[in-house]
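So you can see what is in the structure, the chains are spelled out below.
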Amino acid sequence: MSRIARNKNLRNIAIIAHVDHGKTTLVDAMFRQSGMFRENQAVEERIMDNMDLERERGITIAAKNCSVAWNGVRINIIDTPGHADFGGEVERALSMADGALLLVDASEGPLPQTRFVLKKALEAGLEIIVIINKIDRSDARPDEVLDEIYDLFIDLDAEERQLDFTCLYAIGRDGIVKKGISEQTDNLHTLFDTIISEIAPPSYSPCEPFQMLVSDLGYSDYLGRLAVGRVANGSVKANDSLVCISRENRAIPLKVTRLQVYRGTSLQPVESAEAGDIIILSGIENVAIGDTICTREQPVALERINVDQPTISMVFTISDSPFSGKEGKYVQSAKIRERLVKETLMNVAIHMEDTDNRDRFVVKGRGEFQLAILIETMRREGFEFCAGRPEVIFKYENSSKLEPIENLYIDCAENYMGVVTEKLSVRKGKMTNLVNNGSGRIRMEFSVPARALVGYRDEFLTDTRGTGIMNAGFAGYEPYRGDFPDRFTGSIIADRQGAAVPYALFNLEPRGTLFIFPGEPCYEGMIIGEHSREVDINVNQCKEKKLSNVRASGKDDAVVLSPVKPMTIERAINFIRSDELVEITPKSIRLRKAVLQAGRRRDRLSRSA
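In this text the structure is predicted, and so the values were computed from the model without any measurement. (Residues numbered from 1 in each chain as written. Predicted model: local features only at pLDDT ≥ 70, side-chain atom pairs only at ≥ 80, totals over all residues. Heavy atoms only, no water.)

J.: What am I meant to see in the overall build of the chain here?
T.: Looking only at helices and strands, one finds 14 helices and 37 strands in the chain. Classification of the 609 residues of the chain by burial places 53% in the buried group. Contacts in the chain between residues at least 24 apart in sequence constitute 71% of all its contacts with a sequence separation of at least 6. Total accessible area on the chain stands at roughly 28,900 Å², and carbon and sulfur atoms take up 46% of it. (Helix = DSSP H or I, 4+ residues; strand = E, 2+ residues; numbered from the N terminus. Buried < 20%, exposed > 50% of the residue type's maximum accessible area, 1.4 Å probe, protein only. Contact = heavy atoms within 4.5 Å. Areas by Shrake-Rupley, 256 points an atom, 1.4 Å probe, with all protein chains shown as cover.)

J.: Even after reading the chapter, I still don't get the pattern of salt bridges, so can you show me in this structure?
T.: Side chains bearing opposite charge may pair, as long as their charged atoms lie close to each other. This structure, assessed with the given rule, holds 33 salt bridges. Of the charged contacts in the structure, one is a salt bridge between Asp 136 and Arg 173, with a shortest N-O distance of 2.8 Å. With Asp 136 in the loop between β6 (127–133) and α5 (142–155) and Arg 173 in the loop between β7 (166–171) and β8 (176–178), the pair connects residues that are 37 residues apart, well separated along the chain. Judged by its relative accessible area of 64%, Arg 173 is exposed. Note that Asp 320 and Arg 592 form a salt bridge whose closest N and O atoms lie 2.6 Å from each other. Of the two residues, Asp 320 sits in the loop between β20 (312–317) and α8 (333–346) while Arg 592 sits in strand β37 (residues 589–593), which places them 272 residues apart along the sequence. Taking relative accessible area as the criterion, Arg 592 reaches 1% and is therefore assigned buried. One salt-bridge network, in which partners are shared between bridges, spans Asp 536, Arg 577, Asp 579, Glu 580 and Lys 593. (Salt bridge = Lys/Arg side-chain N within 4 Å of Asp/Glu carboxyl O.)

J.: Any chance you could explain the packing of helix α1 (residues 23–33) against helix α7 (residues 189–198) here in plain terms?
T.: If you want to describe how two helices pack, look at the angle between their axes and the distance between the axes. Remark: α1 packs on α7, axes separated minimally by 10 Å, with the N-to-C direction vectors making an angle of 95°. The angle between the axes of α1 and α7 places the two elements in the roughly perpendicular class. Taking contact as the criterion, the partners of Leu 26, Met 30 and Gln 33 in α1 are, on α7, His 189, Leu 191, Phe 192 and Ile 195. For the contact of α1 with α7, a count of residues per class yields 5 nonpolar, 2 polar and no charged. (Axes fitted to C-alpha atoms, helices over the stretch in contact; angles between N-to-C directions. Parallel < 35°, antiparallel > 145°, perpendicular 65-115°, else oblique. Nonpolar A, V, L, I, M, F, W, Y, C, P; charged D, E, K, R; others polar.)

J.: Got a minute to help me understand helix α11 (residues 456–463) in this structure?
T.: The α-helix winds at 3.6 residues per turn, so residues separated by three or four positions along the chain end up facing the same way. The complete set of buried residues in α11 reads Tyr 456, Phe 460 and Asp 463. End-on view of α11: buried residues confined to an arc of 65°, all on one side of the axis. If you follow the buried residues of α11, they end up packed against β26 (400–413), α10 (417–426) and β29 (469–479). Residue Arg 465 follows α11 closely and has a positive phi angle near 55°. (Arc of directions from axis to C-beta.)

J.: Help me understand the environment of Val 145, please; the structure alone is not making it clear to me.
T.: Within the secondary structure, Val 145 is located in helix α5. Sequence separation between Val 145 and Glu 108 is 37 residues, and the spatial gap between their C-alpha atoms is 7.9 Å. Val 145 has contacts with Val 104, Asp 105, Ala 106, Gly 109, Pro 110 and Ile 132, leaving out every residue within four places of it along the chain.

J.: Mind showing me how you'd approach the packing of aromatic side chains here?
T.: By convention here, two paired aromatic rings are described through the distance between centres and the angle between planes. Taken as a whole, this structure holds 9 aromatic pairs when the rule is applied. Relative to Phe 192, the ring of Trp 70 lies with its centre 4.6 Å away and its plane at 20°, an arrangement referred to as stacked. With a gap of 122 residues between them, Trp 70 in strand β3 (residues 64–70) and Phe 192 in helix α7 connect regions that are remote in the sequence. An identical accessibility class is assigned to Trp 70 and Phe 192; each is buried. Consider the rings of Phe 515 and Phe 575, whose centres lie 5.2 Å apart with planes at 90°: the pair is edge-to-face. Within this pair, whereas Phe 515 is found in the loop between β32 (512–514) and β33 (521–522), its partner Phe 575 is found in helix α13 (residues 569–575), the two being separated by 60 residues in sequence. Phe 575 shares its class with Phe 515; the two are buried. Three or more aromatic residues joined by ring pairs form one cluster here, namely Tyr 150, Phe 153 and Phe 165. (Phe/Tyr/Trp six-rings, centres within 6.5 Å; stacked < 30°, edge-to-face > 60°.)

J.: Is there a simple way to think about the nonpolar core in this case?
T.: Note on soluble globular proteins: their nonpolar side chains tend to be buried together. Within the largest apolar cluster, 39 residues are counted, with the highest numbers of intra-cluster contacts made by Leu 102, Leu 118, Ile 128, Val 130, Ile 132, Ile 149 and Phe 153. Apart from residues lying up to four places away in sequence, Ile 128 is in contact with Ala 100, Leu 102, Leu 118, Ala 121, Leu 122, Phe 153, Phe 165 and Thr 166. In terms of nonpolar packing, the next biggest core, distinct from the first, is built from 32 residues, Ile 336, Met 378, Val 392 and Ile 584 among them. (Core = buried A, V, L, I, M, F, W, Y, C linked by side-chain atoms within 4.5 Å.)

J.: Before we go on, may I ask you to explain the pairing of strand β5 (residues 99–105) in this structure?
T.: On a regular strand, each side chain points to the face opposite its neighbour's, so the side chains alternate between the two faces of the sheet. Summarising burial for β5: 7 of the 7 residues are buried, a large majority. The alternating pattern of β5 places Gly 99, Leu 101, Leu 103 and Asp 105 and Ala 100, Leu 102 and Val 104 on opposite faces, both of which are buried.

Written out as structure tokens, the structure is:
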């Protein structure tokens, strides 16, 4: 049995939390207090959220690395997403960590994504330090939340050593962490000291050659493809000749052109790296997440990263509308396919499949939110394409049909309980728990099919007047629960090409809710509104008021239209039916029928009947 050694100058930790529990804010404070910045240096907030979408939405989408130094020890920090749809990011990030900081809001307590990311950390065997954050909130209840955290650990079958976790209390916004609620301090020294004392240094086998598991990929215009991972054993130097062992167990020769490590949020070139370091290798072209990079003399592969399988699929296709190519830079199917393949290389949770039609591709992911972020990213890069309705991925075992099930957690005012319960029961949801603490708000837990949540979020916010909170987490596969209607309203469809006229829109308003503004260009088959009834209707959005040479007896009424809510990608993909598409361009989001001509739609409908 080989001897195990530890690199005592390093600590590798992941920070895990539910969305908006203060994870990124705490990392900001760690940067400032570790001496990474000068005292008078101007620094942006949420340093780690460096993607435009992350700053706009206030969430972490991609896992990112950084490091701080404390008392001669370098602490590598892996900032992970808090949303279950980005679970692939969590799984690959945890492969580089030896311990984890679990942040929990002092008022909200453990929520579904807390459960999801903690389960992954416990399965990886990581040491956990619990931080109850935002204890300065007026509705903070740290003691009750701590009990809930213990219950969650027990529920997730934590090992005995993991149950004996250290608990700290924090006000992340002010950069304060302390061991007791009443303790007086104004810094994070307790947190840094606890990380060094409680999290074990990375271990390695001194007699093993160099091995590194690729956990992330990047790209540099100057250096090409970048491979990010933790050195499992041995050491590496710049310009070393190595091999990359692929999924097919094929050894691909490579030569490292540059070796870098994280110093703060930036990369710093180094001559060598040792076991436990999180490093970035340049000069590797054919590499994928999960590959092992090792020496040519002793090529031994490490265990690949395993991630949960996708539960949602969506069709991506080229745009064949009359406006195709007017706003986008990349419209060809080859360019769209190339971009989707690149995404599968960078994100282990995204899968892409070709179809019989070379212009259509099936993209699979964890949830519609993850796919919506991919669509928005491609849109900003200049792509123009169409996307279909999100569909759940069924499984078949012993001739029985299985579907993905979600644990749904609802927090809303007591008087909205009836409408929420009714809507979810129609969607085959089952209530599993109800908590009413007399404060006027209640917490409900449901077991619902994943397909029931596609398009439900907007409806839920409308039913609860925008005051409800909804979170869901994947619970596994169960037997198919039966059919239910996915939408109770039809579509208002333009029957000709032309700009929308205010007079026509004013007369269409009684028919339903409109999605377009006056003067907006339309084409036949474009969906311009939601019909108040279940059937679709074709309308003339270009109709103008007839003029005559007869003077009216009174003054004509001015046309005043209702405000139009701007269309978003999430709202669009949740609204459409299976025979509808979302047309995505860098400037516009349009809804349309898959078959644009009304006559062809009628023929297809009559044949199916």
